[in-house]
Amino acid sequence: GAMRIAVIHADGPIMSGEGDRDVFGDSVVGARSLVKIIRDVTDEDGFEAVVLRVNSPGGSGSASDDIWQALEELKSKKPFVVSMGDYAASGGYYISMGADRIFAEPTTITGSIGVFGGKMNMAGLFEKGGMTRFEFSRGARSDLLSTVEDFDPEDRDLFRSFLAQFYDTFITKAAEGRSMDKGAMHAVAQGRVWTGTQALEHGLVDEIGGLAEAVDAAGTMAGLSDTSFVRFPERKDFIEQLLEELGNPGGGDVALAIPGIPMPAQSGLRALYTLDKVLSTGGVAAMLPGDLTVD
């Protein structure tokens, strides 16, 4: 049959485990699910090249690294091109940085190469809800990520060193992926956010273009004269796909209202929920701290 290109969509915050949707009905990238798709496509002879369409503000540091590892394996066997959507920031950049070619839209929000972390102390919340929690821990730092106690000074130092270590890993791998000097990468990293156009100037992406251009480039790299592509994960329905193709910013953002909670509070809740999920897998987050829009 005809040789095809696999287009893999990474939409939403990056978390450990399975993907699909969270309790708010928002799309999330589950590292386990995405890694499985990447491995299947790597091994599937019918796919000659792969395009990863990234639309993510980032998320869990360890989950982003798991995805990066699977993509390195893919890249050793097939051409691998990234197409950045509205966001490919922090963890979203992490999973993009090893690609053979990176395309961004002029207004893509990318970079944000940095990490933050910590934990949420829920003790007050549990108390308000009339709940008490007891934790039994053994070993000096076993309660480091306890959700009912603050960090003590030693905890804080240890946690800082985790973050510094992760940041170093991030810029080392990014410099390698972009064939840049590590010092030069650090200069454009440090958590700073760039538009696609700025990212091109700083060497963080290769070209300005959309999904169609990325698919063409992948086809050319694979030596294909005509290209057809297959999307993963399987798209939910025609309308969702259409909205995405039209680049309708409101398309994928249908808020699932929670009865009895006013909308402004819901966006705060969603952000808290996401942060809690991201931090609960080791406390290191590589993600945008909030929403950004480019005028």
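Calculation criteria
Residues numbered from 1 in each chain as written. Predicted model: local features only at pLDDT ≥ 70, side-chain atom pairs only at ≥ 80, totals over all residues. Heavy atoms only, no water. Helix = DSSP H or I, 4+ residues; strand = E, 2+ residues; numbered from the N terminus. Rg over C-alpha atoms; globule rule 2.2 N^0.38 Å. Buried < 20%, exposed > 50% of the residue type's maximum accessible area, 1.4 Å probe, protein only. Areas by Shrake-Rupley, 256 points an atom, 1.4 Å probe, with all protein chains shown as cover. Lys, Arg positive; Asp, Glu negative; His and termini not counted. Charge placed at Lys NZ, Arg CZ, Asp CG, Glu CD. Pairing = 2+ DSSP bridges. Expected span 1.5 Å × (residues − 1). Phe/Tyr/Trp six-rings, centres within 6.5 Å; stacked < 30°, edge-to-face > 60°. Salt bridge = Lys/Arg side-chain N within 4 Å of Asp/Glu carboxyl O. pLDDT = per-residue confidence, 0-100. Contact = heavy atoms within 4.5 Å. Axes fitted to C-alpha atoms, helices over the stretch in contact; angles between N-to-C directions. Parallel < 35°, antiparallel > 145°, perpendicular 65-115°, else oblique. Nonpolar A, V, L, I, M, F, W, Y, C, P; charged D, E, K, R; others polar. Polar contact = N/O pair within 3.5 Å; in protein donor to acceptor, adjacent residues only side chain to side chain.

A. Examining the overall build of the protein chain more closely. In terms of helices and strands, the protein chain carries ten helices and 14 strands. Computed over its C-alpha atoms, the radius of gyration of the protein chain comes to 20 Å, within 12% of the 19 Å expected for a compact globule of 295 residues. In terms of its C-alpha atoms, the protein chain occupies a principal-axis envelope of roughly 65 × 45 × 40 Å. Within the protein chain, the proportion of its 295 residues that are buried is 45%. Total accessible area on the protein chain stands at roughly 14900 Å², and carbon and sulfur atoms take up 54% of it. Between the averaged position of the 26 positive side-chain charges in the protein chain and that of its 44 negative side-chain charges there is a distance of 4 Å.

B. Seen up close, the pairing of strand E5 (residues 47-56). Counted residue by residue, E5 has eight buried out of ten residues, so it is predominantly covered. Of the pairings in the sheet, the one linking strand E1 (residues 4-11) to E5 comprises eight bridges and is parallel in character. Looking across to E5, one finds that Ile 5 is bridged to Ala 49.

C. Spatial organisation of helix H2 (residues 61-75). Here H2 is 15 residues long and its end C-alpha atoms lie 21 Å apart, about the 21 Å a rise of 1.5 Å per residue gives. Buried within H2 we find Gly 61, Ala 63, Ser 64, Asp 65, Ile 67, Trp 68, Ala 70, Leu 71 and Leu 74.

D. Representation of the packing of aromatic side chains within the structure. Enumeration over the complete set of coordinates arrives at five aromatic pairs. Pairing Phe 47 with Phe 232 gives two aromatic rings, centres 5.6 Å apart and planes at 80°, and the pair type is edge-to-face. Residue Phe 47 is located in strand E5, and its partner Phe 232 is located in strand E13 (residues 228-232); the two are separated by 185 residues in the primary sequence. In this structure, Phe 47 and Phe 232 share a single accessibility class: buried. On the basis of an interplanar angle of 75° and a centroid distance of 5.9 Å, the ring pair of Phe 159 and Phe 162 is categorised as edge-to-face. Within this pair, Phe 159 and its partner Phe 162 are both found in helix H5 (residues 153-177), separated by three residues, close to a single helical turn. In this structure Phe 162 comes out as partly exposed when scored by relative accessible area, which is 33%. An aromatic cluster is defined as three or more aromatic residues linked by ring pairs; in this entry it consists of Tyr 94, Phe 166 and Phe 170.

E. Broad picture of the pattern of salt bridges. Taken as a whole and judged by the stated rule, the model has ten salt bridges. Here Asp 65 ties to Lys 173 by a salt bridge, and the two come within 2.6 Å at their closest N and O atoms. With Asp 65 in helix H2 and Lys 173 in helix H5, this pair connects stretches of sequence that are 108 residues apart. Grouping residues by exposure puts Asp 65 and Lys 173 together as buried. The salt bridge involving Asp 168 is made with Lys 182; its shortest N-O contact spans 2.8 Å. Here the residue Asp 168 occupies a position in helix H5, and Lys 182 occupies one in helix H6 (residues 182-188), the gap between them amounting to 14 residues.

F. Examining the confidence of the model for the protein chain more closely. Mean pLDDT over the protein chain: 88, with 91% of residues reaching 70 or higher. Segment residues 248-255 is flagged for pLDDT under 50; beyond a separation of four residues in sequence, or across chains, it makes five contacts in the model.

G. A look at the packing of helix H1 (residues 31-43) against H2. For the pair H1 and H2, interaxial distance at closest approach is 9 Å and the crossing angle is 0°. In terms of orientation, H1 lies roughly parallel with respect to H2. Between H1, through Ala 31, Leu 34, Val 35, Ile 38 and Thr 42, and H2, the contact on the second element is made entirely by Ala 63, Asp 66, Ile 67, Ala 70, Leu 71, Glu 73 and Leu 74. A per-class count over the contact of H1 with H2 returns nine nonpolar, one polar and two charged.

H. Quick look at the pairing of strand E7 (residues 80-89). The element E7 is largely enclosed, with a buried count of nine among its ten residues. Pairing of E5 with E7 involves six bridges; the strand directions are parallel. Note on E7: the bridge partner recorded for Val 50 is Phe 80. Across four bridges, E7 lies against strand E8 (residues 101-104) in parallel orientation. Paired with Val 81 across the strands is Arg 101, a residue of E8.

I. Up close: the environment of Lys 75. Assignment of secondary structure puts Lys 75 in helix H2. Remark: the alpha-carbon pair of Lys 75 and Thr 42, spanning 33 residues in sequence, is separated by 8.6 Å. Side-chain polar atoms of Lys 75 contact the backbone oxygen of Gly 98, separated by 2.7 Å.

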